[in-house]
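Here's the letter readout for the chains.
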Amino acid sequence: MKTRQRGRLFLGCGLLFIVAFVAGIFGTQALTGTGIFYVPGIVTYDESLNEAEKEVLAGIFTEDVRIDADVSISAAEYSEKPELSEGEFLYDILVPVTDFYSVLTEAGSEQDFISVSALDATKKLLKYEGKYYLDDFVSGARFRVIKFSSEKYAEEIAPLVSERFSKTWPDENSVLTFAQTGVTALSRGMNRKLYSVNDATYFSENIAEYLKSFDLTHTSNESSFSNGASGANICSDPRFKSTLLDIGLDIVELTGNHNLDCGDAAAKETIDFYNENGILAVGGGKTAEEAAQAITISKKGTNITMFAYNLSTGGATYDQTPGANQYYEEKAAAEIAEAKARGDFVIVDVQYYECNAYASKYEDPICDRADSAAGDQIGFFRHLIDLGADVVVGTSAHQPQTFELYNEGAIYYGLGNLFFDQVWWPGTTRSLVLEHYFYNGKLLQTRIQPTVYGNEMQVKLMDEETTKWFLERLISVKP
């Protein structure tokens, strides 16, 4: 009897222990929200997110990811680059684009927007709300922001999303800007004008700040500085050095056929001036060997090699005398291929035959065409693209010519006169400035900005309405 009672007591104690143990476990789970009492955090996607964004987020917050606190995810879009708070990430920058050959400059209500990561030089970037994104990188686009809100953001969400959503974007420290301009010949009538105004920066005062704003500024100068400069020759009064310095000149092209008009000594002294002021010379030099040297630029993550050749207008050097760099097919093909093998972006400038149908006081569009000069300009320029050039630019035309995309490159057949005295023909008072924007070695965009001067010989930017008219005219005769 006593044995049976002890057995019951032992069994009762055991049951009490088990009940207490189980109660302890479940009580602890109930108090801590673990075990069967664990309620995981909920991920909520706001309707402001688009389907592509939700798909990206779903790839992060999978069923295997455990979070204890709820998280809500939303998106917002701004027309100015916003200051970001904790849990906010700049997810994308959307820019307005149109066809390369469009004369539009401003985005309309039906405009296509693409990610800036997809922007390239085959599309034309437009202004948005009056701003051009590549001007300041804080406007002219739609800035897409994704926000994560959670009580445990730092502990739970940041480790999941920070690396994925922390991106770098184009800015003034990473985008290389390069302005290419056309013919400069500070001579003849400009010498006469200088005698009266007595200030060489008079000619550049309306355009100097614009050109200096670029990391690199180029022009093709066809006139050497000489004390023998007059109103009748293509020689530059030495005071015109101030004009080139005023525009922040970085690269001078010497492929022109008039740099020797003032004599060899003046040509050499002019090159010394460039060297002393850190201005890189290309396409010409004191000797044939020096003239043949390309220039290479490594800046802001972009490597550019620039070649410049004189094909047919005269003034080339073949020996130890100064002059322009003569074009040789085999040599050009080899050096372009070598630059491409290095991974450089290749720009080729060409002093080609000139269209000489300038003699009209009225608008004469014949020189707009790429086939308006002697020789096969279209075939030759396209051939340079086939050799590996990324951009080919004609720098002999005294009035702007048409342009085109060809295969994997772009061709600008003639840029016209930046500074010269040819005021009697409307066509020769205009030029095109090519605004190149490079990012991580890629050409994001080339914006075309025309300039114009009048009898006063002060160069200025062409107004927007005239720009549309003029570009449409050039585009209408593209090959």
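Further up the page is the structure itself.
The present account deals with the structure reproduced in this document. (Residues numbered from 1 in each chain as written. Predicted model: local features only at pLDDT ≥ 70, side-chain atom pairs only at ≥ 80, totals over all residues. Heavy atoms only, no water.)

### Things to note about the packing of aromatic side chains
Working definition: an aromatic ring pair is given by the centre-to-centre distance plus the angle between the planes. Applying the stated rule across the entire model yields 28 aromatic pairs. Judged by centre distance (6.1 Å) and plane angle (80 degrees), the ring pair of phenylalanine 100 and phenylalanine 403 falls under edge-to-face. In this pair, phenylalanine 100 sits in the loop between strand S3 (88-99) and strand S4 (112-115) while phenylalanine 403 sits in strand S18 (residues 403-406), placing the two residues 303 residues apart along the sequence. The same class applies to phenylalanine 100 as to phenylalanine 403, namely buried. Stacked on the ring of tyrosine 91, the Lys or Arg lysine 167 has its end atom at 4.5 Å from the ring centre. (Phe/Tyr/Trp six-rings, centres within 6.5 Å; stacked < 30°, edge-to-face > 60°. Helix = DSSP H or I, 4+ residues; strand = E, 2+ residues; numbered from the N terminus. Buried < 20%, exposed > 50% of the residue type's maximum accessible area, 1.4 Å probe, protein only. Lys NZ or Arg CZ within 6 Å of the ring centre and 35° of its normal.)

### Quick look at the layout of surface pockets
Put simply, the largest pocket is a space of about 390 Å³. Residue lining of the largest pocket: 23 residues in total, with Thr105, Lys124, Arg447, Ile448 and Leu471 positioned closest to the centre. Considering every element that reaches the lining of the largest pocket, the biggest residue donor is strand S22 (residues 442-452), with five residues. When its residues are assigned to classes, the lining of the largest pocket shows eleven nonpolar, six polar and six charged. Each pocket or cavity is described by its volume, and for the second largest pocket that value is around 320 Å³. Along its surface, the second largest pocket is lined by 18 residues, and Ala121, Phe345, Asp390, Glu408 and Leu443 are the ones closest to its centre. Within the residue set of the lining of the second largest pocket, elements represented by two or more residues are strand S19 (409-412) and S22. The class makeup of the residues in the lining of the second largest pocket is six nonpolar, six polar and six charged. (1 Å grid on protein atoms, 1.4 Å probe; cavity = no way out; pocket = protein on both sides within 12 Å on 5 of 7 lines; lining within 4 Å. Points joined across faces, edges and corners; volume = space filled by probe spheres on them. Nonpolar A, V, L, I, M, F, W, Y, C, P; charged D, E, K, R; others polar.)

### Details of the state of the cysteines
Considering all chains together, one arrives at two disulfides under this definition. The side chain of cysteine 235 participates in a disulfide bridge whose partner is cysteine 262; the two sulfur atoms lie 2.2 Å from each other. Here the disulfide of cysteine 235 and cysteine 262 is left-handed, its torsion about the S-S bond being about -130 degrees. Pair noted here: cysteine 235 is in the loop between strand S8 (216-221) and helix H7 (241-246) and cysteine 262 is in the loop between strand S9 (251-253) and helix H8 (264-276), with a separation of 27 residues, a long-range link. Summarising the burial analysis for this pair, cysteine 235 and cysteine 262 share the class buried. At a sulfur-sulfur separation of 1.9 Å, the disulfide partner of cysteine 355 is cysteine 367. Disulfide cysteine 355-cysteine 367: torsion about the S-S bond near -65 degrees, hence left-handed. (Disulfide = S-S within 2.5 Å.)

### Quick notes on the pattern of salt bridges
Counting across every chain of the model gives 24 salt bridges. Note that arginine 144 is salt-bridged to glutamate 53, the shortest N-O span being 2.7 Å. Placement of the pair is arginine 144 in strand S6 (residues 139-150) and glutamate 53 in helix H2 (residues 51-58), with a sequence separation of 91 residues. Both residues of the pair, arginine 144 and glutamate 53, count as buried. (Salt bridge = Lys/Arg side-chain N within 4 Å of Asp/Glu carboxyl O.)

### Considerations on the pairing of strand S13 (residues 302-310)
The buried fraction of S13 amounts to eight of the nine residues, a majority that puts the element mostly inside the structure. Pairing of strand S12 (residues 295-299) with S13 involves five bridges; the strand directions are antiparallel. Considered in S13, the bridge of isoleucine 295 is made with methionine 306. The turn linking S12 back onto S13 is made up of two residues, and lysine 300 within it adopts a positive phi angle of 55 degrees. Sheet topology places S13 next to strand S16 (residues 345-351); seven bridges connect them, and they run parallel. By the bridge assignment, phenylalanine 307 is partnered in S16 with valine 348. (Pairing = 2+ DSSP bridges.)

### Examining the sheet that holds S16
A sheet is described by the order of its strands in space; here six strands give the open sequence S12-S13-S16-S17-S19-S18, paired in mixed fashion. The two strands at the open ends of the sheet, each matched to only one other strand, are S12 and S18. Strand-to-strand, the axes of this sheet are offset by a mean angle of 15 degrees, without reference to chain direction. Relative to S19, S18 runs antiparallel, the two sharing four bridges. Its bridge partner being in S19, phenylalanine 403 is matched across the sheet by tyrosine 412. Each of S13 and S16 touches helix H10 (residues 329-341); the most contacted strand, S13, lies at about 170 degrees to it. (Axes fitted to C-alpha atoms, helices over the stretch in contact; angles between N-to-C directions. Contact = heavy atoms within 4.5 Å.)

### Some details on the sheet that holds strand S15 (residues 323-325)
Taking strand neighbours across the sheet as the criterion, the three strands line up as S11-S15-S14 in an open arrangement whose pairing is mixed. A single partner strand is all that each edge strand has here, and the edge strands are strand S11 (284-285) and strand S14 (316-317).

### Details of the environment of leucine 444
Inspection of the secondary structure puts leucine 444 in strand S22. Given a relative accessible area of 2%, leucine 444 falls into the buried group. Placed 152 residues apart in sequence, leucine 444 and alanine 292 show a C-alpha to C-alpha distance of 29 Å. Each residue touching leucine 444, except ones within four places of it in the same chain, is listed here: Leu119, Asp120, Ala121, Leu134, Tyr437, Phe438 and Tyr439.

### Some words on the environment of glutamate 80
Along the chain, glutamate 80 falls in strand S2 (residues 71-80). What makes glutamate 80 partly exposed here is its relative accessible area of 42%. Along the chain, glutamate 80 and serine 213 lie 133 residues apart, while their C-alpha atoms are 22 Å from each other. Apart from the residues lying within four places of it in its own chain, the contact partners of glutamate 80 are Val138, Ser139 and Phe143.

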